[in-house]
Amino acid sequence: MIRSRIVSCGGYLPEKVVTNEDLEKIVDTTADWIEQRTGIKQRHIAQDDETTVSLAVKASKIALENANLSAEDIDMVIVGTTTPDMTFPSCAALIQRELGVKPGKIAFDVQAVCSGFVFALTTANSFIATGQAKRALVIGAETLSRIIDWDDRTTCVLFGDGAGAVIIEACEGEGTIDDTGILSTHLHTEGQLADILCASGGVSTSGEAGFITMEGKEVFKHAVTRLADVVDETLEHNGITKEDIDWLVPHQANSRIIEATMRKLDLQSDQVIITVQNHGNTSAASIPLALYEGYKNNAFKKGELLLLEAMGGGLTWGACLVRW
Ligand code: UT7
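Residues numbered from 1 in each chain as written. Predicted model: local features only at pLDDT ≥ 70, side-chain atom pairs only at ≥ 80, totals over all residues. Heavy atoms only, no water.

## A closer look at the pattern of salt bridges
For clarity, the cut-off: Take a side-chain nitrogen of Lys or Arg and a carboxyl oxygen of Asp or Glu: if they are within 4 Å of each other, that pair is a salt bridge. Counting from the N terminus, the helices are the DSSP runs of H or I reaching at least four residues and the strands are the DSSP runs of E reaching at least two. Only protein chains enter the accessibility calculation, which uses a 1.4 Å probe; a residue whose area is less than 20% of its type maximum is buried, one above 50% is exposed, and one in between is partly exposed.
Scanning the entire structure with this criterion turns up 10 salt bridges. Here Glu 190 makes a salt bridge to Arg 226, at a shortest N to O gap of 2.4 Å. Here Arg 226 lies in helix H7 (residues 216-238) and Glu 190 lies in the loop between strand S8 (181-189) and strand S9 (197-199), a separation of 36 residues in the sequence. As a salt-bridge pair, Glu 218 and Lys 221 come within 2.6 Å of each other at their nearest N and O atoms. Of this pair, Glu 218 and Lys 221 both sit in helix H7, 3 residues apart, roughly one helical turn. Overall, the relative accessible area of 27% leaves Glu 218 in the partly exposed class. Salt bridges here are not isolated pairs; linked through shared partners, they connect Arg 5, Arg 135 and Glu 169.

Here you go:
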């Protein structure tokens with residue numbers, strides 16, 4: 001059976017850092033409120049000349065270098081993003097051109113907001129499992145700061161910009177839980193809840209991208225319950241228990257949401273990659289950036305089981321179980 005294994009990771013964050021104290025000066029908030037309610041202390045914000053594609057290209061070059069590969073070795077680019085450089089073409093096509101991925105290869109974007117990387121990884125895994133691609137560059141990249149209403153204290157303190165990239169490639173597996181690579185993926189969407197977390201515009205409505213609007217408490221409630229459900233679904237599907245999980249690599253929206261999943265799985269804090277304090281919520285970029293953090297620090301050992309999970313606008317949510 002064909003599996004996809006993670007070969008390398010990369011990540012890039014804009015140099016400009018905005019702290020909670022900086023935000024105190026522009027909206028009616030306090031550094032303590034932000035930290036206590038979200039765990040966030042600072043976030044990185046793109047400069048005017050930085051874009052989703054430019055951040056993604058930097059993250060991808062690091063992933064390629066870490067794998068000792070060149071862009072010519074990649075036969076699929078898939079990008080999870082909600083903040084593309086252009087209405088079209090896709091960020092993936094622009095990244096293909098910028099990196100020098102061969103013409104004629106597969107490149108497209110996936111839009112599932114904060115779940116974007118889980119959706120992109122699942123899609124790339126399916127292309128590899130069905131023999132349509134051998135090696136994929138899977139990216140989560142965002143410039144959320146471009147759709148933040150900086151006068152809205154309920155949202156502007158939460159988000160940040162960044163990009164993470166992962167290279168996955170086909171390998172032979174036995175079809176058992178002991179295989180290396182992506183073991184299962186689980187995706188869900190509930191459009192009925194579209195209005196509780198959305199952007200206030202769009203190409204075919206206002207003609208503008210709009211700004212993030214969110215019913216925070218409602219989204220929080222759904223995040224905790226949907227993530228608990230998808231964790232149960234993943235364990236059950238694979239015939240494993242929570243004790244089998246070595247690492248949680250969660251979407252980074254709020255440390256209280258991460259702690260809820262951590263408690264559910266009885267994990268210690270040294271088994272969870274937490275970046276929200278430094279990055280804020282980088283939407284589709286948060287999981288690949290967290291993977292890069294673990295990868296850089298040699299945290300993941302061969303054979304360990306990683307659970308990736310995310311929830312975002314749509315609502316969308318999902319999980320991937322990966323053996324390192
Ligand atoms: O990644 C996609 C998924 N997104 C998420 O998972 C985010 C989910 N939601 C959350 O993380 C939390 O709901 C928030 C962090 C957004 C808000 O925390 P909360 O504990 O749910 O606060 P709240 O919205 O219930 O607001 C509590 C109070 C309100 O004041 P009153 O009505 O009690 O007087 C807010 O107006 O805090 C006020 N508030 C603030 N105060 C200072 C809201 N934002 C701020 C702020 N600074 N920035």
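## So, the sheet that holds strand S11 (residues 247-250)
What counts is decided by this rule: Here a strand pair is declared whenever DSSP counts at least two bridges between the two strands. Axis lines are fitted to C-alpha atoms, over the contacting stretch for helices. Their N-to-C directions set the angle, which ranges from 0 to 180 degrees. Contacts are residue-level and defined by heavy atoms, with any inter-residue pair within 4.5 Å sufficient.
With mixed pairing, the 4 strands of this open sheet are ordered in space as S8-S13-S12-S11. Strand pairing shows two members of the sheet lacking a second neighbour, S8 and S11, which therefore form its edges. The sheet shows a mean angle of 15 degrees between the axes of neighbouring strands, direction not considered. Where S8 and strand S13 (residues 316-323) come together, 8 bridges link them in antiparallel fashion. Its bridge partner being in S13, Ile 182 is matched across the sheet by Val 322. Packing against the sheet, H7 makes contact with S8, strand S12 (305-312) and S13, and its axis sits at approximately 140 degrees to S8.

## Regarding the pairing of S12
Where burial is concerned, most of S12 is hidden: 8 out of the 8 residues are buried. Taking every second residue as pointing to the same face, both faces of S12 are buried, with Leu 305, Leu 307, Glu 309 and Met 311 on one and Leu 306, Leu 308, Ala 310 and Gly 312 on the other. Across 4 bridges, the pairing between S11 and S12 is parallel. The residue bridging Pro 250 from the neighbouring strand is Glu 309, located in S12. Bridge count for S12 against S13 is 8 bridges, and the pairing is antiparallel. Bridge pairing in S13 links Glu 309 to Ala 319. As consecutive antiparallel partners, S12 and S13 are separated by 3 residues, and within that stretch Gly 314 has a phi angle of approximately 145 degrees, a positive value.

## So, the side chain of Glu 142
Here is the rule we go by: In this tally Asp and Glu are treated as negative and Lys and Arg as positive; neither His nor the chain ends contributes. N or O atoms closer than or at 3.5 Å make up a polar contact, with two conditions inside protein: a donor-capable atom paired with an acceptor-capable one, and, for residues adjacent in sequence, both atoms drawn from side chains.
For Glu 142, the position within the fold is in strand S6 (residues 135-143). Buried charge Glu 142 goes without a salt bridge, the closest partner of opposite sign being Arg 146 at 11 Å. Reaching out from Glu 142, the side chain makes a polar contact with the side chain of Thr 81 at a distance of 3.2 Å. A polar contact of 3.3 Å, which involves the side chain of Glu 142, links it to the backbone nitrogen of Ala 284. With residues near it in sequence (within four places) discarded, Glu 142 still touches Thr 52, Leu 55, Thr 81, Thr 82, Thr 83, Val 113, Asp 161, Gly 162, Thr 282, Ser 283, Ala 284 and Ala 285.

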